[in-house]
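Take a look at the letters that make up each chain.
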Amino acid sequence: MNAKKELMVMDEPNKTDLDEETLFLVSQTFKALSDPTRIRILNLLFEREYSVNQIAEQLHLRQSTVSHQLRFLKNLRLVKFRREGTTIYYSHDDEHVLNVLHETIQHALHQ
C-alpha cells in the first residue's frame, strides 16, 4: 500500500460506533495501564505467576497495596488467580493488553 493510500485509510472514520459498555471497558483498561504500580505488577506477571507476598517482595511494595491493585486488575479480567492450599497465585489473563503494555514499554525505551 503506498503512503498516500495508507494515509487515506487511516483518516477514514471508524464505521462502527462503540456501545457504552465497550467504551467504559476500554477507558477502564487504559485507566489500569495509567498507574505505575499496576504497570509494574502486570509486567511482573508477564514472566510467570506470583502470590501476593511474592509480588510485594519482588516490587518492594506493601502487601495491602498489591492486594488492592490486584483486585482492580481482576475486576477488569486483566489478571486471574488460582488457589493452592491457602496461597493464591496470580497470573495475567489477557495477552492483548499485555501486548499493548509491552509495545508501549518498547516505544518508551526507543528514544
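Residues numbered from 1 in each chain as written. Predicted model: local features only at pLDDT ≥ 70, side-chain atom pairs only at ≥ 80, totals over all residues. Heavy atoms only, no water.

## What about the pattern of salt bridges?
Summed over all chains, the structure comprises two salt bridges. In this structure, arginine 82 engages glutamate 84 in a salt bridge whose closest nitrogen and oxygen atoms are separated by 2.9 Å. Its relative accessible area of 45% is what places glutamate 84 among the partly exposed residues. Through salt bridges with shared partners, a single ionic network connects Glu49, Arg82 and Glu84. (Salt bridge = Lys/Arg side-chain N within 4 Å of Asp/Glu carboxyl O. Buried < 20%, exposed > 50% of the residue type's maximum accessible area, 1.4 Å probe, protein only.)

## Quick look at the environment of arginine 62
Assignment of secondary structure puts arginine 62 in the loop between helix 4 (52-59) and helix 5 (63-75). In sequence terms arginine 62 and valine 52 are 10 residues apart; their C-alpha atoms lie 9.6 Å from each other. (Helix = DSSP H or I, 4+ residues; strand = E, 2+ residues; numbered from the N terminus.)

## Comments concerning the sheet that holds strand 1 (residues 50-51)
Sheet architecture is open: three strands sit in the order 1-3-2, paired in antiparallel fashion. Taken across any chain shown, the strands that pair with only one partner, and hence form the sheet edges, are strand 1 and strand 2 (79-84). Bridging between strand 1 and strand 3 (residues 87-92) involves two bridges; their strand directions are antiparallel. Looking at strand 3, one finds that tyrosine 50 is bridged to tyrosine 90. (Pairing = 2+ DSSP bridges.)

## A look at the pairing of strand 2
Pairing geometry for strand 2 and strand 3, over six bridges, is antiparallel. Each residue of the ladder has a partner; that of arginine 83, found in strand 3, is isoleucine 88. Between strand 2 and strand 3, which follow one another and run antiparallel, lie two residues, and glycine 85 among them has a positive phi close to 65 degrees.

## What to know about the side chain of threonine 37
Residue placement: threonine 37 occurs in helix 3 (residues 36-47). Among the residues examined, threonine 37 registers a relative accessible area of 19% and is labelled buried. Ignoring anything within four residues of it in the chain, the contact list for threonine 37 reads Leu61, Thr65 and Gln69. (Contact = heavy atoms within 4.5 Å.)

## Re helix 6 (residues 95-109)
Taking 1.5 Å as the rise per residue, helix 6 with 15 residues should run 21 Å; its terminal C-alpha atoms sit 21 Å apart, in good agreement. Within helix 6 the residues assigned to the buried category are Val97, Leu98 and Leu101. Projected down its long axis, helix 6 carries its buried residues within an arc of 100 degrees, all on one side. In helix 6, the exposed positions angled more than 90 degrees off the buried face are occupied by His96, Glu103 and His107. (Expected span 1.5 Å × (residues − 1). Arc of directions from axis to C-beta.)

## Description of the layout of surface pockets
Picture a little ball the size of a water molecule; that probe, rolled over the atoms, points out where space is still empty. Roughly 310 Å³ of internal volume is contained in the largest pocket. Lining the largest pocket we find 14 residues, and of these Leu25, Val26, Thr29, Asp94 and Val97 sit closest to its centre. For the lining of the largest pocket, the secondary-structure elements that each account for two or more residues are helix 2 (20-32) and helix 6. Top contributing element to the lining of the largest pocket by residue count: helix 2, with five residues. Across the lining of the largest pocket, the residue classes tally to eight nonpolar, four polar and two charged. (1 Å grid on protein atoms, 1.4 Å probe; cavity = no way out; pocket = protein on both sides within 12 Å on 5 of 7 lines; lining within 4 Å. Points joined across faces, edges and corners; volume = space filled by probe spheres on them. Nonpolar A, V, L, I, M, F, W, Y, C, P; charged D, E, K, R; others polar.)

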